[in-house]
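# Structural overview for review
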Amino acid sequence: MIFRKPHHPEDNSMEQAKREVTERLEHAFAFLVRALEAINRKRVYPLERAHYLLLLQLREGPASVSSLAASLALDDSTVTRQIAAMQRLGLVRKLVNPTDGRSALIEPTPRGAAGAEAMQAARLERIEALFAAWPDADRAQLATLLGRLNRQLAATLAALDDKPCGQDGNG
């Protein structure tokens, strides 16, 4: 004999409300990504976004390609190509790894560090302008929630990395 939970009319309304919020989130994410892509195409920044993100990671000090790739959830080969392009532009240089002479560490050049500073200043100015009309409490709440979202996305990505290809449970 199968025992079923008694059906309550409010269960349907709670599930419907949950679904409506999920649909609102899906819509908001779709248009957020679209708007960010469109804005990015129209902006002129001193660095490519990929170079900027790598340079931000290097603020903590020289790092290996593998550690940079892991911190940005990228393949080593992708980071290696980006580092090669950044070297040609004079943004980074390779150092001999003192703990393993067979590998290299990457560090920003003064030009790379200055480019990252300029790009961050431009981005901060644009973000400040975008949220100028928002109350401080709303801005702080959004920053907190986006941080939480980024941690959840990182955890989701890590879980997907631990599963064989095509085994994410989403069909």
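Our structure is the block above this text.
Summary of the structure given here. The structure presented is a predicted model; accordingly, all values stated were derived computationally and were not measured. (Residues numbered from 1 in each chain as written. Predicted model: local features only at pLDDT ≥ 70, side-chain atom pairs only at ≥ 80, totals over all residues. Heavy atoms only, no water.)

## Remarks on a nonpolar patch on the surface
- Together, V21, L25, F29, L32 and L36 line one region of the surface with nonpolar side chains, adding up to about 440 Å² of accessible area.
- Mapped onto the secondary structure, L25 falls in helix 1 (residues 9-42). (Patch = residues over 30% accessible without salt bridge, like charges linked within 9 Å, V, L, I, M, F, W, Y side chains within 5 Å. Areas by Shrake-Rupley, 256 points an atom, 1.4 Å probe, with all protein chains shown as cover. Salt bridge = Lys/Arg side-chain N within 4 Å of Asp/Glu carboxyl O. Helix = DSSP H or I, 4+ residues; strand = E, 2+ residues; numbered from the N terminus.)

## Remarks on the pattern of salt bridges
- This model, assessed by the stated rule, comprises five salt bridges.
- The salt bridge involving R59 is made with E117; its shortest N-O contact spans 3.0 Å. Of this pair, R59 sits in the loop between helix 2 (49-57) and helix 3 (65-71) while E117 sits in helix 5 (residues 110-130), and the two are 58 residues apart along the sequence.
- The partly exposed category is assigned to R59, whose relative accessible area is 39%.
- Its salt-bridge partner being E107, residue R93 comes within 2.6 Å of it at the nearest N-O pair. Placement of the pair is R93 in strand 1 (residues 92-96) and E107 in strand 2 (residues 104-108), with a sequence separation of 14 residues.
- Taking relative accessible area as the criterion, R93 reaches 37% and is therefore assigned partly exposed. (Buried < 20%, exposed > 50% of the residue type's maximum accessible area, 1.4 Å probe, protein only.)

## Description of the nonpolar core
- Counting residues in hydrophobic clusters, the biggest one holds 17 residues, and the most contacted among them are L68 and I83.
- Counting only elements with at least two residues in this core, the list comes to helix 2, helix 3, helix 4 (76-88) and helix 5.
- Not counting residues within four places of it along the chain, the set of residues in contact with L68 comprises L54, Q57, L58, A63, V79, I83 and I106. (Core = buried A, V, L, I, M, F, W, Y, C linked by side-chain atoms within 4.5 Å. Contact = heavy atoms within 4.5 Å.)

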